[in-house]
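Chain by chain, the residues run as shown.
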Amino acid sequence: MTDYNPIIVALDVSSIDEAVSLVSALKPHVGAFKVGLELFNAVGTGIFQAVRDQVGDDVSIFYDAKFHDIPNTVAGAIRAANQHNVWMVNVHATGGLAMMKAAVAAAHEAAAPPLVIAVTVLTSIDENVLNGELGVSRTPEQQVVALAKLAQQAGCDGVVASPRETAAIRAACGPDFLIITPGVRPTGASLDDQKRVMTPSEAIKQGASYLVVGRPITAATDPAAAAVAILAEIQAG
Ligand code: C5P
């Protein structure tokens with residue numbers, strides 16, 4: 001990316017055509033595109049080249065793989081993903097220090113290593129699930145901050161976390177650690193199924209580095225205009 005633009009658009013669609021048409025319309029207005037489990041499993045690894053064939057090589061792609069396995073397997077998966085030349089890839093921090101270190105080492109074997117990001121606690125997991133089902137006695141915020149520090153120790157470039165925990169991570173991990181924040185909604189937008197939301201400018205003020213935005217852009221009648229409006233809201237804030 002040349003100019004810093006904090007918007008990462010979630011390409012939550014199930015065909016190459018839909019993905020390419022969104023990327024073509026949005027490329028001048030956003031920082032990057034997220035290929036997640038839905039699109040990846042619908043289309044396969046060809047999605048990365050298909051996007052580049054249509055819109056050029058300079059598009060930044062975040063492969064939201066959420067790898068979580070033993071260190072050797074995750075390292076192998078990252079090594080295989082290196083061939084897709086993505087800008088950013090992620091793993092689950094709960095895979096532990098050795099797994100995250102193995103992911104970072106495998107990423108660094110690439111000529112242009114992807115940023116390695118760790119998912120802390122999924123926003124669908126609340127205190128009841130964390131304590132009652134998973135047997136973790138910390139609060140979600142304590143667990144998020146502990147996992148963010150572990151990810152930093154492993155050499156990860158940053159974490160995915162809800163806007164609610166962003167300020168605590170920023171305080172614990174310093175100014176250079178990337179914080180990727182989903183669950184943002186522009187003022188007045190539909191919440192869809194997101195519950196713990198903040199506006200884009202609030203999330204940036206809390207210390208977020210990048211915002212993952214899906215439906216407020218992809219489901220808009222004019223996705224490019226929606227992206228431009230979100231960027232304007234951030235800049236005005
Ligand atoms: O459409 P919406 O803006 O809600 O999309 C948010 C994107 O961020 C989706 O791709 C979703 O999977 C992802 N995400 C999330 N909450 C998390 C992690 C990822 O909403 N905790």
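Let me begin by describing the structure that accompanies this report. The residue count restarts for each chain, going from 1 along the sequence in the order it is written. Since the coordinates come from a predicted model, pLDDT governs what is reported: local features require at least 70, and pairs of side-chain atoms require 80 or more to be given and counted, while whole-chain, interface and lining totals use all residues. No hydrogens and no water enter the side-chain calculation; it runs on all heavy atoms of the structure.

By the criteria applied, helices consist of DSSP H or I runs no shorter than four residues and strands consist of E runs no shorter than two, each listed in order from the N terminus. Along the polypeptide, Asp64 turns up in strand S3 (residues 61-67). Under the rule applied, a polar contact is a pair of N or O atoms within 3.5 Å (in protein, one hydrogen donor and one hydrogen acceptor; residues adjacent in sequence only if both atoms are side-chain atoms). At 2.7 Å, the side chain of Asp64 forms a polar contact with the side chain of Lys34.

Of the voids in this model, the largest pocket is the one considered here, and its volume is about 890 Å³. Lining of the largest pocket is provided by 31 residues; of these, Lys66, Thr123, Pro182, Gly183 and Gln194 occupy positions nearest its centre. Residue assignment for the lining of the largest pocket shows that the elements contributing at least two residues are helix H2 (37-43), S3, strand S8 (210-213) and helix H10 (215-218). Classifying every residue of the lining of the largest pocket gives 11 nonpolar, nine polar and 11 charged. Each cavity reported here is a set of points on a 1 Å grid over the protein atoms alone in which a 1.4 Å probe fits but cannot get out, each pocket an open set with protein on both sides within 12 Å along at least five of seven lines, and each lining residue one with an atom within 4 Å of a point. Grid points are joined across faces, edges and corners, and a volume is the space filled by probe spheres set on the points. Charged means Asp, Glu, Lys or Arg here, nonpolar means Ala, Val, Leu, Ile, Met, Phe, Trp, Tyr, Cys or Pro, and polar covers whatever is left, Gly included.

Next up on the list: helix H5 (residues 97-107). Within the sequence span of H5, burial applies to Met99, Met100, Ala102, Ala103, Val104, Ala106 and Ala107. Whether two residues touch is decided by their heavy atoms; if any such pair falls within 4.5 Å, the residues are in contact. On its buried face, H5 is in contact with S3, helix H4 (71-82), strand S4 (88-92), strand S5 (115-119) and helix H7 (140-153). Burial here depends on accessible area, computed with a 1.4 Å probe over protein chains only, as a share of the maximum for the residue type. Under 20% is buried, over 50% is exposed, and the range in between is partly exposed.

Turning our eyes to something else, we now look at the site of the ligand. One heavy atom within 4 Å of a molecule or strand makes the whole residue count as near it. Lining the immediate environment of the ligand, one finds Ala10, Asp12, Lys34, Thr123, Pro182, Arg185, Gln194, Val212, Val213, Gly214, Arg215 and Pro216. At 2.8 Å, a backbone N or O of Gly214 approaches an oxygen atom of the ligand. The Shrake-Rupley method, run with a 1.4 Å probe sphere, supplies the accessible areas, and residue values consider only the shown protein chains as cover. Considered on its own, the ligand offers 470 Å² of accessible surface; in the complex 82% of this is hidden by protein. A molecule is said to be in a cavity or pocket once over half of its atoms fall within 2 Å of that pocket's grid points. When atoms are counted within 2 Å of each cavity's grid points, the one that captures over half of the ligand is the largest pocket. Residue composition of the shell around the ligand, by class: five nonpolar, three polar and four charged.

The next thing to look at is the packing of H7 against helix H8 (residues 166-173). As a rule, the C-alpha atoms of each element are fitted with a line to give its axis, helices using only the stretch in contact, and angles between N-to-C directions run from 0 to 180 degrees. The interhelical angle for the contact between H7 and H8, taken along N-to-C directions, is 40°, at an axis separation of 10 Å. Taken as a pair, H7 and H8 cross one another with a handedness that is right-handed. Residues Glu141, Val144, Val145, Ala148, Lys149 and Gln152 of H7 form the contact with H8, whose participating residues are Ala168, Ile169, Ala172 and Cys173. Split into classes, the residues belonging to the contact of H7 with H8 amount to seven nonpolar, one polar and two charged. Each helix crossing is assigned a hand: it is left-handed if the near helix lies turned anticlockwise from the far helix by less than a right angle, otherwise right-handed if that turn is clockwise.

This next bit is on a negative patch on the surface. A cluster of acidic residues, Asp12, Asp17, Glu18 and Glu38, forms a negative patch at the surface. Within the fold, Glu38 resides in helix H2. A relative accessible area of 44% places Glu38 in the partly exposed class. Each patch groups residues whose relative accessible area exceeds 30% and which form no salt bridge, using 9 Å between like charges and 5 Å between nonpolar side chains of Val, Leu, Ile, Met, Phe, Trp and Tyr. Any Lys or Arg side-chain nitrogen located within 4 Å of an Asp or Glu carboxyl oxygen qualifies as a salt bridge. Charge assignment: positive for Lys and Arg, negative for Asp and Glu; neither His nor the chain ends contribute. Here the site of a charge means atom NZ of a Lys, CZ of an Arg, CG of an Asp or CD of a Glu.

A separate point is the packing of aromatic side chains. Any pair of Phe, Tyr and Trp rings, taking the six-membered ring for Trp, is counted once the centres come within 6.5 Å. Such a pair is stacked with planes under 30 degrees apart, edge-to-face with planes over 60 apart, and tilted for the rest. Evaluated as defined, the whole model comprises six aromatic pairs. Look at Phe40 and Phe48: their rings are 6.2 Å apart centre to centre, the planes differ by 45°, and that puts the pair in the tilted class. When sorted by exposure, Phe40 lands in the same class as Phe48, which is buried. Put simply, the rings of Phe40, Phe48, Tyr63 and Phe67 pair up and form one aromatic cluster.

This part covers the pairing of strand S2 (residues 32-35). Here S2 shows a buried face lined by Ala32 and Lys34 and a second buried face lined by Phe33 and Val35. Orient the strands so they point away from the viewer; a crossover is then right-handed if the path from the first strand over the helix to the second runs clockwise. Following the chain from strand S1 (residues 7-10) across helix H1 (residues 16-26) to the adjacent parallel S2, one finds a crossover that is right-handed. Here, strands pair whenever DSSP counts at least two bridges between them. Bridge analysis of S2 against S3 gives three bridges, and the strand direction is parallel. In the sheet register, Phe33 faces S3, and the bridge partner there is Ile61.

One face of the sheet, then the other: side chains in a regular strand alternate in exactly this way. A large share of S4 lies buried, amounting to five of its five residues. Going residue by residue along S4, you find Met88, Asn90 and His92 tucked away on one face and Val89 and Val91 tucked away on the opposite face as well. Note that S3 and S4 share three bridges and pair parallel. For Phe67, the partnering residue across the bridge sits in S4 and is Val91. Examined bridge by bridge, S4 and S5 share five bridges and lie parallel to one another. The residue of S5 that forms the bridge with His92 is Val119. Crossover handedness for the path S4 to H5 to S5: right-handed.

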